[in-house]
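Coordinate analysis (summary)
Take a look at the letters that make up each chain.
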Amino acid sequence: MNALIPGLLVLASLLALAALAVARAARWRAGRAAAVDAVAGLLAMPGRYLHDVHDAVLRDPVGRAKAGDTGRAAARMHMLTAGGFIAATALILAVHLFALGGVVLAWLLLAFLALMSAGLLRLYARRKPEVSPRLSRGGFDRLPYAFTAFIVFFAIATLPAAGLIAPFSWASLGGLALLALGAWACIELYVGMGYGPLKHALNGVLHLAFHPRPARFGATTPDSALQPLPATAERLGVEQPRDFAWNRLLAFDACVQCGRCEAACPAFAAGLPLNPKKLIQDLVAASGTHGSDLGYSGSPYPQRPVGSAHGAIDKPIIGSGAMIHPDTLWACTTCRACVYECPMMIEHVDAVVDLRRFQTLELGATPNKAPAVLEELKATDTVCGRPTSARLDWAADLRLPLLAEVEHTEALLWIGEGGFDMRNQRTLRALVKLLREAGIEPAVLGAEELDCGDVARRLGDEKTFEALARRNIATLNGYAGRFARIVTADPHVLQVLGREYPALGGYYSVVHHSTLLAELIEAGRLKPAADDSGRRVTFHDPCYLGRYNGEVSAPRRVLKGIGIKVVEMNRSGMRSSCCGWGGGSTFTDVPGKRRIPDVRMDHVRETGAELVAVACPNCAVMLEGVVQPRADVADLAELLLAAVEAGK
Amino acid sequence: MGQFDKLLEPLRIKHVTIRNRIISTPHAEVYAEDGVPGDRYIRYHAEKARGGIGMTMFGGSSSVATDSPAQWWKSLDFSNDKIIVPLQKLSDAVHGHGAALMAQITHMGRRNRWDGGNWPHLVSPSGLREPVHHATAKTIELEDIQRIIKAFGQAARRAKEGGLDGIELSADHQQLIDQFWSPRTNKRTDGYGGSFDNRMRFGLEVIEEVRRCAGDDFLLCLRMCADEFHPDGIDHEEAIRIARFYTETGLIDLLSVTGSGADTHATLANCMPNMAYPPEPFLHLASGIKAEVKIPLIHAQGIRDPLQAARILDEGHVDLVGITRGHIADPHFVNKMREGRLDEIKQCVGANYCIDRQYQGLDVLCAQNAATSREAVMPHQFSKAEVKKRIVVVGGGPAGLEAARVCAERGHTVTLFEKEPEIGGQVRWAAKAPARDQIGGIVRWFGLELKRLKVDLRLNTAADAAMIRAEQPDIVIMATGGVPFIDQFPGWGAAEGLCVSTHDILSGRVEPKANVLVFDVTSLFAGATTADFIANRGALVEIVTPDLHVAEGMGGTTVPVYNKRLAEKDVICTPNTFLHEVYREGDKLIAVLENEYTGRQEERVVDQVVVENGIRPAEALYFELKAESRNHGQTDLDTLFAYQPQPEISGEGFLMYRVGDCISPRDIHGAIYDSLRLCKDF
C-alpha cells in the first residue's frame, strides 16, 4: 500500500478530473447544436496541435514586455513541461500503481521529471521576477510552485524504485509533509485541468478536435469569411451563452489567458474598453450558473472596473449591468489580430459578430451613428446616403464605360464607398489611369453597383447584408461571362465579394488592385521609373487584405517595382495593426483614451518614415485624419501612377 | 455628405457632360492674335482644363460683325470663317483635358469705340450716347437688324464647326441685345420698341437664327443682367420676366445671370466687384431668377473660395458657379480642391489687376500669379532642380516671397531673412486701408506655401553681409524693397519732419491728425487709400495731386470705388496741383500749393502733411556684397527676357541677383514676375 500511494494519488486526481470534465461538458452542451465531424476532427487533432498551435506559440508575442518573453521560450517551456508531464503521468501510473518496468522505467520517470525541471526553469523565468502585463495572475502564478512540488514529490517517491535509496514509509512527519505537498501538486495539476489554469490543456485538445472552423487548418489563405446566420435559431444572433454553438463554448473554455490577443488588440492599445482576453474569459464565466468576473486576474477592459460583471448561461450577455458592457462589444474593429495571435485558435471575431447580430437585429441597439448608417444602406444602398448614381461623379471626365455598354472587359472595376469620398477618388483616378496605361479598359456597373454589405454585416445587420449581397449577385450574374474579374481598391470589397458572396451563390474572381498592379509591373505592362527621392517609406497592411485574405506580398512587390525599399513597422504583414476603421467602428465610435489611428501613426513614426503607403480607402482616411505633424499618406496606386508618369 | 459633393457633381445638359459645377465665365483675355486664338490663348484655357475646371467659357464680347469692333482689346472675331481652324485647336486642347468649352459672342452696339479698325458707325436702338465709351451711335435701321441677326447665326455656325460645346449670347453689360431690352436705351416706336414683346423681339430673332444655324446639338447660353440699378432701366421684376420669356421658348439651354448695368462708371465697377465689395454681392439677384426658370443657371461675381462656392450650390441658388478671376489667379483651383489641398489654392483677392489692364487694352495678367497666360514660358508647377542649391533671399515682400517659393518648389534649400516681425513688405501696409484688407490674402498664401515648402523663414532678422556669408549660399536674391521717397523734393520738409509718408500712417507709426493734406504723386492706390484711411477716422482730408485727376493710375473698375468712398467722406480732391512748400506756423503746418499750369499759389493750414511719392530702392546691402558676388550682382537681361536660364559664371563665391522694388519700384505683379522668371531655372 505504501508504494501505491503516489500512483493512487494520480489515479484519484485523474478520476476527479474526469468527473469535472463531465460537468464541464454539460455546460458546453447547453449551447446550440453544431455540425461537427468528430471522427475527422479527432484524427486531425494531433496534426493541428503540432503544426498550427505550435506555429502560433512559436511567434513572438506582440509588444514583448520583458527580455526572453519569446515565442521560442514559450514553445520550449510547453514542450518540456507538458511533454514531460504527460510522459511522467504515464510512467507514474506504470511504476507506482502497476509496479511495471522496474529500475529502467523508474529511471526513465526520473529523466522525464528532469526534463520537466528544464521546462520549469523557463516557467519561472516567465513569471519571475516580473511578469508581462498581458499574462493573467492568480492560479497561473501558483503553477511554478505546483510543478516544483510535483517534481520533488515524485522524484523522491521514485528514488526507491530506481534503486537509489531504500524504500521508506510515508507515515512519518517528513513523509506526511511530503505527501501533503504531492497531494496539493496533483490537485493543482490534474484536478486543476478541470477548472484551473491548466484546463487549457484538456479543453484545448477537445477544441482542436471539434473546432468550429475546421477549414482554417492547413489552409493556404485564412478562413475568414463570416458565416451566415443560422436560419432556424430561436433568436437571431447570440443573446445568452447558450445561443452559441456548443463547440464555441468549448472554444472559449480553451483560453489559456496568455494575453497575446490583448497585446495585439488595437482597441486595447488605444484605451477603448475592449480586451479580447477578458471578453473570452467573460464568456467563459457567463457560461456557468452564477458567473462573475471576480476571479479574473488579467488586465481589465480599459476604463472599466473588474468584479462587477455578472452573467449566466441563460442570461443576456450584453448590457450595462450584464457580463459584457455594450461599449466593449462595439469597440471591436474586427481586425482579426486576436484571432491571428491566439495559440488556442479561438475565433473572437465570430463571437463578436454573433453578439452584434442579436443586438442589431433583435434589439435595434446598435449605438451612435451606426443605426443611421444602416438606415441609409436600406434606403439608398450606400453607406453615405447618396444615390448610387453619384458614385462615379468624380469620373465624369474619365468616361468609364458601363458594363452594360461593353461586350466584355478584362476588369470590372468595383468602385466601393471610396467613390463618394474625395480622398479616395484620387486613388481610384490613379487606378483607372494605371489600368489604361497597361492597356486594360475597365468597365463599371455605375448606378447598378450597390454597397457590398461589409459595414452592415460587421455591425450585425445580417439581413441588410444579405439583401445587398443578393441584389449585387443578381446584377453580377446577369453579366456572367462579360467580365474576366472584379478589381477593387477596397480590401473590404475583396473580402465580401470574393469570400462571403459564395455562400449566397456569387462566385467571382475578385482581385485587389495591389495584386493586379504587381502582376502588371511584373509582366512589363506598367513601366514605373525608380523612385530616387530617397524618402523613407513604410507600408501599412490593411487587415482585410493581410489577415483576412493573406495578401501581404503584392503591395510590397508594387513598392519594390517603383524602387521603394519599405522600412517595415514592427507590426506589419499578417501582424499589422488596425487603422481603426473596420467593423463599423467609425460609426459606433466608442471613445478610448486615444484614437486607434493615432496609435498606428506612432508605429509609423517609429520607422522615421516620411510617407506611409496604404492599400485601402478606409486606412487612407483614418491615417490622414491623424493630426500633423505626421507622415504623408498615399495609396499604392497614387505612388505607382506618379512613378509610371515619371518613367515616360 | 462630403463638403464638395455638390460642387463636384457632373451636370449633363443635352449631349454635354460638364464634369463639375465650377466654370470660368467669359472674360476678355486680350490675347487673340488677329482675331483668332493663338498659342498663348489656347494654353491659357487649356491650363484651366488641366487644372480640373468643369467648363471654360472664353472670348468675352467676341464680335459677330464688323461694325462691333473688337480689336481694342484683342478679342475674338467671329465674323469670319478664318476663326474655325484656330477654334478647333482650342477645342481639342480643352476637351483633351476633360473640360467643356463655350464662347461668348455678341454685338456691342453703342458700347464700343468707333475710332479705329474699320472706323465703323456704331449702332444702337435709339442713338443715345453711352457715357463710359463716349460713343453716340446711329439709330439702328431694319437692314442693320437683319444683317446682324444673320451675323449671329453665322458666328454660331463657326463656333460649332470649331468644335465648341456651345456659345453664350451676351445680353449683359449693355450689349446690343439688352440695349433693345432696356427702356433706358430703347425709345423706338416701331416693332422693336415700346411694348415688352417688341423690346424682346431682336433678342428672340437672334436666338431663333442661332438655333437654326447651329442645330439642336449645341448648347446655347443667354447671359443677362438681373437688375440694371438704373431707375429708367431693367429692374429685377423685369429681368425675371425677360428670363421667363426666353427660357420658355425652349431654345436656350443655360442662363447666366449677373447683377448691375454697365453703362456708367459707377455701375461698371459693380460688374467685376473688387475687394471693396462683400463676397457674392449679387447672388440674391441670380437666385431670384433661378427660382423662376427651369434651366440650369450660372452666376459669377465675387465667388472666390471653394467653401463659398459649395455653400452657394448646396443652398440651391445656382447650378454652375463661375469662378473666373479665381481661375486667373489659380488655374489649378479645382484639382487642388479635389485633392484636399485647399490651402494651396492661390485665391483671387479682388485686386482687379486683370480687368483693369483689360480696360486699358492691355493683356489680362494676375497681380499675384505671373505664370497665368504665360504658360508657354512660365510654369504653374515645378520640377525639381537637378542640383540642390543653398539660396538666401533677403526681404519678405512679394518679390522675396515669390523667389523663396519658386526656389523651394525647385527643391533648393531656402533661407528667407525678413527684418520685420511679419512677411509681406509693403502689402502689409496696403492691407491696412479700409476695404483693402483682402490684398493681404496674397501674403497669407505665400506664408502657407513657404511653411509647406519648409523655407527657413527668419523673421525679425535684418540680414547683414556677415549673416549672408555665414549661410554659405550658392545664390543670394536681394529683395529688400525700398523706403518711402518723401525726401525727393526739399520743400516737402521731410528732413525737418514736416511731412510723413503713407507707410507711416497705414502702419500706425504715426497717428493721423484732425486736418490732413495728402499729397499724392504716384496716383496709384497708396495715396487714395491713405486719404480714405484718415477720413474714415473722422478727419478732414484734402488730397492733392499734380496729375489730371485723383487716383489717375488706378484702373477703371477700382477708381469708381474711391470716387465714391472719398466723396462720401467729403474728401476734397485737388488735381493739377503741386506741393510747393511746407512750413510750420505755431502748432499748425502751412502747405503751399501751386497750380501746375497757372503757377498760382495758395495756402492751406493743416495739422499734418502726408506725402505719397512711391519708394526709393533700399540698395545698401546689395552694394556691400556686389563686389564679392560672382556676377557682380548683374542679371543677364538677354537671357532673362528670353525666359532662359541665367548664364553659368565660374569662380568663387555666390551669385547675386536683385528682384522687385529694390531695383526700381514696380507693382506686385512686376515684383513677382521678376522673381518667377529669374528663379524658375535655378
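Here the structure is a predicted model, which is why all the values come from computation and not from measurement.

It is common to give the size of an interface as the accessible area that goes away when the parts come together. All names here are of chain B. Domain parsing of chain B yields domain 1 (11-359), domain 2 (390-483 + 617-679) and domain 3 (486-613). Computed from C-alpha coordinates alone, the two centres of domain 1 and domain 2 are separated by 40 Å. Contacts between domain 1 and domain 2 engage nine residues on the former and nine residues on the latter. Class assignment for the residues of the side of domain 1 that touches domain 2 results in five nonpolar, two polar and two charged.

Further remarks concern the domain arrangement of chain A. Residues and elements named next belong to chain A. Structurally, chain A comprises domain 1 (2-209), domain 2 (243-362), domain 3 (371-520) and domain 4 (526-646). The partner domain 4 presents 29 residues to the 30 residues of domain 3 that form the contact. Contributions of two or more residues to the side of domain 3 that touches domain 4 are made by helix 16 (422-437), helix 17 (454-458), helix 19 (491-500) and helix 20 (513-522). Ranked by residue count, the leading element in the side of domain 3 that touches domain 4 is helix 16, at nine residues. Here the residues of the side of domain 3 that touches domain 4 are counted per class, giving 13 nonpolar, 10 polar and seven charged.

With numbering matched to this structure, UniProt assigns "transmembrane region" (unreviewed entry) to residues 79-99, 105-124 and 145-165 of chain A. Secondary structure content for residues 105-124 of chain A is 100% helix and 0% strand, and the end C-alpha separation is 28 Å.

For the rest of this paragraph, the subject is unusual backbone geometry. Lys128(A) connects to Pro129(A) through a cis peptide bond whose omega is -5 degrees. Following Gln628(A), the chain continues to Pro629(A) via a peptide bond in cis, the omega torsion being -5 degrees. Mapped onto the elements, Pro629(A) comes out in the loop between helix 24 (617-624) and strand 8 (632-635). Residues other than glycine seldom take positive phi values, yet Gln257(A) does so here, at roughly 55 degrees. Within the fold, Gln257(A) resides in the loop between helix 8 (246-253) and helix 9 (260-264). A positive phi angle, near 60 degrees, is found at Tyr643(B), a position not held by glycine.

In this section: the UniProt feature "domain: NADH:flavin oxidoreductase/NADH oxidase N-terminal" (unreviewed entry) in chain B. Within this structure's numbering, the places UniProt gives as "domain: NADH:flavin oxidoreductase/NADH oxidase N-terminal" (unreviewed entry) are residues 6-343 of chain B. From the first C-alpha to the last, residues 6-343 of chain B spans 20 Å; its make-up is 35% helix and 17% strand.

As a further point, take the pairing of strand 4 (residues 483-488) of chain A. Residues and elements named next belong to chain A. As paired elements, strand 3 (residues 409-414) and strand 4 share five bridges and run parallel to each other. Among the inter-strand pairings, Leu412 is bridged to a residue of strand 4, identified as Ile486. Pairing of strand 4 with strand 5 (residues 510-512) involves three bridges; the strand directions are parallel. Paired with Ile486 across the bridge in strand 5 is Val510. For the crossover that starts at strand 4, traverses helix 19 and ends in the parallel strand 5, the hand is right-handed.

What follows concerns the nonpolar core. Counting 406 residues, the largest nonpolar core has Leu434(A), Leu640(A) and Val609(B) as the members making the most contacts within it. The element contributing the most residues to this core is helix 5 (residues 139-158) of chain A, with 10 residues. What Leu434(A) contacts, discounting residues up to four positions off in sequence, is Leu517(A), Leu526(A), Ala637(A), Leu640(A), Leu641(A) and Val644(A).

So, how was this worked out
Residues numbered from 1 in each chain as written. Chains lettered and ligands numbered in written order. Predicted model: local features only at pLDDT ≥ 70, side-chain atom pairs only at ≥ 80, totals over all residues. Domains from an automatic or database assignment. Contact = placed C-beta atoms within 7 Å. Nonpolar A, V, L, I, M, F, W, Y, C, P; charged D, E, K, R; others polar. Helix = DSSP H or I, 4+ residues; strand = E, 2+ residues; numbered from the N terminus. UniProt positions renumbered as here; feature names shortened; annotations may be inferred. Pairing = 2+ DSSP bridges. Right-handed = clockwise from strand over helix to strand, strands pointing away. Core = buried A, V, L, I, M, F, W, Y, C linked by C-beta atoms within 7 Å. Buried ≥ 20, exposed ≤ 12 C-beta atoms within 10 Å, placed from the backbone.

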